[in-house]
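Below are the chains, spelled out letter by letter.
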Amino acid sequence: MFSVFLSAIFVNNLLLRQFLGVCPGTMLCGGVRKAIASGGVIFCIMMCNSTASWLFDRYVLLPLNAEHLQILFSVLILLTTTWSVEVLAAKLLPSVYAGEHFRLSYGTHCAVLGVALLNLRKGYGFAEMLVHSSGAAIGFSLALLLLAGIMERLRFAPGSERLKGMPQALVAAAVLSAVFHFVVL
Amino acid sequence: MRAQHGEDLSPSFHPVRWIFRENPVFRLLLGLCPALGATSTAMNGFAMGAATAFVLLCTNATFSLVKRLVPRTVGIAVFLVIAAAYVSIADMTLKTFAPSIHRALGIFIPLIVVNCLILVGGGAPASACSGGGAPGAFSPSFADAFGMGLGFLLSLVLIGAVRQIGSAYLPVFGMPPGAFLTLGLLLAAAGRSRNGKNEPSGKR
């Protein structure tokens, strides 16, 4: 169980090792403060969505023998959970989250749906599913935070105009990804 | 974005535009997840690009048929359900006829649904497109979708080819860091992208 948790954070880190949620909206999320706020929201969304998809898959789709509808229903559940959590977050944390919710959501839909589908494909039980999703969410937020910190410093670094922005973020992610790889070895 | 700035509103069909000047991956920064994750070889890149182009074209055609009938508030949901149906078709087809490629692409096939490229090229309602790296409201024709799909396919083959050739000399190119590095350097080589420059893409 603990190994599932650790591997979800480091070995199979969503952003850096599985390339989920790589979009300019998440990679250049603009500052450490915002990265922490969005990390928290992403954690809530991932947990709600994974739980909902798992329950739906186990208690509705499997008994009906309708696994070919998995993709379709995962998407619908994703929309429902994401929007409800984001509306809540916009209400509870207006200062950090105002006007952000649609922008944040699109880059992360990919990662949120990815976690839910990975849970189903690996055939996890309920407890494993919870542990795996929380590990994945923590790993994603950690990678986002590290990347935001690096990008904040790089903004003032000298360098070619061509590398600014996304190319720089991707090269930084390459280095982080290599670090994660060697840390676990 | 173009529609907002009032330039280039002509409906003329120019697929070459989507391959070079507005390449979805290198210029618009759309669909970067599969561009990184599904391109360990040129063949994988081709399969991923072809599946995405198929979903893009079919979704674009179907959604433009039902667009008038759908209330605005549920537009995105209807759009995604249509896309999910075509993705299921692509998923089952690949699983039956090319199981090895299906295994190599893994989770990225169902994730075609939430690819920003599908939303923009398929003509999803505007509010869905404001995230990620997508350029605001614009309603693409079938020709646009064709060009985007082709541009995406060619970019994935290019990235896959670079990684495959690179990994013959340096194994790191086949691994995740190599994917980020390859895409980063290719993006830099392609020049200025349309968004995601110095500031977060939301401030455009």
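Each chain has its residues counted from 1, following the order in which its sequence is written. Starting at A for chains and at 1 for ligands, labels are handed out in the order in which the entities are written. Given that this is a predicted model, residues contribute local features only at a pLDDT of at least 70 and side-chain atom pairs are listed and counted only at 80 or more, while totals for whole chains, interfaces and linings are drawn from all residues.

Re the overall build of chain B
Consideration 1: Each helix is a run of DSSP H or I of at least 4 residues and each strand a run of E of at least 2, with the numbering of both proceeding from the N terminus. In terms of helices and strands, chain B carries nine helices and zero strands.
Consideration 2: Each helix and strand of chain B, placed in order from N terminus to C terminus, yields the pattern α-α-α-α-α-α-α-α-α.
Consideration 3: Distance between backbone-placed C-beta atoms decides contact: two residues are in contact if it is within 7 Å. Put simply, 72% of the contacts in chain B that link residues at least 6 apart link residues at least 24 apart.

Things to note about the environment of F126 of chain A
Consideration 1: Structurally, the position occupied by F126 of chain A is in helix α8 (residues 126-154).
Consideration 2: Partly exposed residues are those whose C-beta has more than 12 but fewer than 20 other C-beta atoms within 10 Å; 20 or more makes a residue buried and 12 or fewer makes it exposed, with C-beta atoms placed from the backbone. The class for F126 of chain A is exposed, based on 12 C-beta atoms found within 10 Å.

Focus: the packing of helix α4 (residues 42-66) of chain B against helix α8 (residues 142-169) of chain B
Residues and elements named next belong to chain B.
Consideration 1: Each axis is a line fitted through C-alpha atoms, and for a helix only the stretch in contact is used; angles between axes span 0 to 180 degrees, taken between their N-to-C directions. Close contact between α4 and α8 brings their axes to 8 Å; oriented N to C, the two are set at 170°. Between α4 and α8, the angle falls in the class roughly antiparallel. α4 and α8 meet at a crossing whose hand is right-handed.
Consideration 2: Residue polarity follows a fixed list, in which Ala, Val, Leu, Ile, Met, Phe, Trp, Tyr, Cys and Pro are nonpolar, Asp, Glu, Lys and Arg are charged, and the others, Gly among them, are polar. Each residue belonging to the contact of α4 with α8 can be placed in one class, and the counts come to 19 nonpolar, eight polar and no charged. Should an angle fall under 35 degrees it is taken as roughly parallel, and over 145 as roughly antiparallel, whereas 65 to 115 is taken as roughly perpendicular and any remaining angle as oblique. Rotating anticlockwise by less than a right angle from the far helix to the near helix defines a left-handed crossing, while the corresponding clockwise rotation defines a right-handed one.

Side note on unusual backbone geometry
Excluding glycine, residues mostly carry a negative phi; peptide bonds, for their part, are mostly trans.
All names here are of chain A.
Consideration 1: Backbone geometry at F19 places phi at a positive 55°, although glycine is not the residue there.
Consideration 2: Along the chain, F19 turns up in the loop between α2 (14-17) and α3 (24-27).
Consideration 3: Taking the C-beta count within 10 Å as the criterion, F19 has 29 such neighbours and is therefore assigned buried.

Quick word on the nonpolar core
Consideration 1: If you look at the biggest cluster of nonpolar residues, it comprises 106 residues, and the most contacted ones within it are L147 of chain A together with A83, V87 and V113 of chain B.
Consideration 2: Considering every element that reaches this core, the biggest residue donor is α8 of chain A, with ten residues.
Consideration 3: Among all residues touching V113 of chain B, those that are not within four sequence positions of it are I71 and V75 of chain A together with L80, A83, A84, V87 and I118 of chain B. In these notes, a nonpolar core means any group of buried Ala, Val, Leu, Ile, Met, Phe, Trp, Tyr and Cys residues linked to one another through C-beta atoms within 7 Å.

Structural notes on the packing of α4 of chain B against helix α5 (residues 75-97) of chain B
Residues and elements named next belong to chain B.
Consideration 1: Where α4 meets α5, the axes come as close as 9 Å, and the angle between the chain directions of the two elements is 145°. The handedness of the crossing between α4 and α5 comes out as right-handed. Side by side, α4 and α5 meet where A51, F54, V55, C58, T59, T62 and F63 of the first sit next to F79, I82, A83, Y86, V87, A90 and L94 of the second.

Overview of the confidence of the model for chain B
Residues and elements named next belong to chain B.
Consideration 1: Residue-level confidence of the predictor, termed pLDDT, takes values from 0 up to 100. Predicted confidence across chain B gives a mean pLDDT of 79, with 79% of residues reaching 70 or more.
Consideration 2: Confidence, read as mean pLDDT per element, is least for helix α1 (residues 2-5) in chain B (43) and greatest for α4 (92).
Consideration 3: In this model residues 1-11 is a low-confidence stretch, pLDDT under 50, and it forms twelve contacts with partners more than four residues away in sequence or in other chains.
Consideration 4: When the criterion is pLDDT under 50, residues 129-137 qualifies, and its contacts beyond four places in sequence or with other chains add up to 46 contacts.
Consideration 5: Under the prediction, the complex receives an ipTM of 0.85, its pTM being 0.84.

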